[in-house]
Amino acid sequence: MLQDKVIVVTGASGALGKVVAETALTRGARVAGVDYAPSQIQPAERRLDLGGVDLTDAAQAARAIDQVAAHFGRLDALVNIAGGFAFEMVAEGDPKTWQRMYALNVTTALNASRAAIPHLLNSAAARIVNVGAFGAIHAGAGMGAYAASKAGVHRLTEALAAEQKGRITVNAVLPSIIDTAANRASMPKSDFTKWVAPHELAEVILFLASDATSAVTGALLPVTGRV
């Protein structure tokens, strides 16, 4: 279902992005990773990585997506993983945190999607998959800025799905805590077995990017592990 598909993965150098990109490659896809971090991966026949791309800048996002389309000849799916997290109480927090969370989580997805749409419209099975957050449905203490920005991703997903219905499917996964090294370090006393493993979330993301989901759009799919 992914054989020869051209898939762009933003945030490809992160814990989840790496797994999504590697899994897509094993399924026969051609993958372009786009990230702010410098690329450490050498170009290959089915792999292109573009580092140093600030997706909060619309012009940089457009140049990167256009470069991918020119390199592979087309674009079939965009997976928006680039983003950030901050834990901060509302009353004592810095207002700039809210701006930063919006920029990292909403603006990156918006800019990449806007840049990708003209190319995706040439695909017979065009897909956009965003990463929202289950915690944005009901935010806990310290999650205000992050949850508000991820709620923005949810609404962006729904709006894009309505606007592109019949042409591009647009869906989002809503994970709970992802089992990454960073999350284990910050919550060492947690039961990691209840968290969502990156490879489990990658499977759901790539399912939504596949031909099998032609009738699914505007969905916000919880992926909450075994909590």
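Above this text sits the structure in question.
Read on for a plain summary of the structure.

Parameters at a glance
Residues numbered from 1 in each chain as written. Predicted model: local features only at pLDDT ≥ 70, side-chain atom pairs only at ≥ 80, totals over all residues. Heavy atoms only, no water. Helix = DSSP H or I, 4+ residues; strand = E, 2+ residues; numbered from the N terminus. Rg over C-alpha atoms; globule rule 2.2 N^0.38 Å. Buried < 20%, exposed > 50% of the residue type's maximum accessible area, 1.4 Å probe, protein only. Contact = heavy atoms within 4.5 Å. Salt bridge = Lys/Arg side-chain N within 4 Å of Asp/Glu carboxyl O. 1 Å grid on protein atoms, 1.4 Å probe; cavity = no way out; pocket = protein on both sides within 12 Å on 5 of 7 lines; lining within 4 Å. Points joined across faces, edges and corners; volume = space filled by probe spheres on them. Nonpolar A, V, L, I, M, F, W, Y, C, P; charged D, E, K, R; others polar. Core = buried A, V, L, I, M, F, W, Y, C linked by side-chain atoms within 4.5 Å. Expected span 1.5 Å × (residues − 1). Pairing = 2+ DSSP bridges. Axes fitted to C-alpha atoms, helices over the stretch in contact; angles between N-to-C directions.

1. As for the overall build of the protein chain
From N to C terminus, the protein chain includes 6 helices and 7 strands. Here the C-alpha radius of gyration of the protein chain, 17 Å, is about what a compact globule of 227 residues would show, namely 17 Å. By its C-alpha atoms, the protein chain is 50 × 35 × 35 Å across when sized along the principal axes. Within the protein chain, the proportion of its 227 residues that are buried is 48%.

2. As for the environment of M1
If you trace the backbone, M1 turns up in the segment before strand 1 (6-10). With 206 residues separating them along the chain, M1 and F207 place their C-alpha atoms 8.5 Å apart. Those residues in contact with M1, other than ones at most four positions away along the chain, are S210, D211 and A212.

3. Re the pattern of salt bridges
For the coordinates displayed, the defined rule picks out 6 salt bridges. Of the charged contacts in the structure, one is a salt bridge between R155 and E158, with a shortest N-O distance of 2.7 Å. Of the two residues, R155 and E158 are both situated in helix 4 (residues 144-163); the distance of 3 residues between them amounts to about one turn of the helix. We classify R155 as partly exposed; its relative accessible area is 46%. The partner of D179 in a salt bridge is R184, with the nearest N and O atoms 2.6 Å apart. What makes D179 buried here is its relative accessible area of 19%.

4. Description of the layout of surface pockets
Approximately 1200 Å³ is the volume attributed to the largest pocket. Considering the residues around the largest pocket, the lining is formed by 38 residues, among which G84, F85, Y146, I178 and N183 are closest to the centre. At the level of secondary structure, the elements contributing two or more residues to the lining of the largest pocket comprise helix 1 (15-26), helix 3 (95-120), helix 4 and helix 5 (181-186). Taken together, the residues of the lining of the largest pocket sort by class into 21 nonpolar, 14 polar and 3 charged. If you trace the second largest pocket, you find 17 residues lining it, with A12, S13, I41, R47 and D49 closest to the centre. For the lining of the second largest pocket, the elements supplying multiple residues, two or more each, are helix 1, strand 2 (30-34) and strand 3 (47-50). Of the residues contributing to the lining of the second largest pocket, the split by class is 7 nonpolar, 5 polar and 5 charged.

5. Observations regarding the nonpolar core
By size, the foremost hydrophobic cluster in this structure holds 29 residues, and its most contacted members are V8, V68, L75, L120, I128 and I168. Those elements that provide at least two residues to this core are strand 1, strand 2, strand 3, helix 2 (58-72), helix 3, strand 5 (126-131), helix 4 and strand 6 (168-175). For this core, the leading source of residues is helix 3, giving 6 residues. Not counting chain neighbours up to four residues away, the residues in contact with I168 comprise I117, L120, L121, A126, R127, I128 and T217.

6. Observations regarding helix 1
With 12 residues, helix 1 should cover 16 Å at 1.5 Å per step; its first-to-last C-alpha distance of 17 Å lies within 8% of that length. Along helix 1, the positions that sit buried rather than exposed are L16, G17, V20, A21, T23, A24 and L25. For helix 1, the elements touching its buried residues are strand 1, strand 2, strand 3, strand 5 and helix 6 (198-208). Following helix 1 by one or two positions, G28 has its phi on the positive side, about 95 degrees.

7. Here's the deal with empty space enclosed by the protein
This structure, assessed with the given rule, holds 1 cavity of 30 Å³ or more. Considered as a void within the structure, the largest cavity measures approximately 40 Å³ in volume. Those elements that provide at least two residues to the lining of the largest cavity are helix 3 and helix 4. Grouping the amino acids of the lining of the largest cavity by side-chain chemistry returns 5 nonpolar, 2 polar and 1 charged.

8. A few points about the sheet that holds strand 5
Across the sheet, which stays open at both edges, the 7 strands sit in the order 3-2-1-4-5-6-7 with parallel pairing between neighbours. Looking at strand neighbours, the two that pair on one side only are strand 3 and strand 7 (220-223), the edges of this open sheet. Averaged over neighbouring strand pairs, the angle between their axes works out to 15 degrees when direction is ignored. Bridging between strand 1 and strand 2 involves 5 bridges; their strand directions are parallel. Looking across to strand 2, one finds that V8 is bridged to A32. In the packing of helix 2 onto the sheet, contacts are made with strand 1, strand 2 and strand 3, and the angle to strand 3 comes to roughly 160 degrees. Packed on one face of the sheet, helix 4 meets strand 5, strand 6 and strand 7 and runs near 160 degrees to strand 6.

Keep in mind these numbers describe shape, not what the thing actually does.
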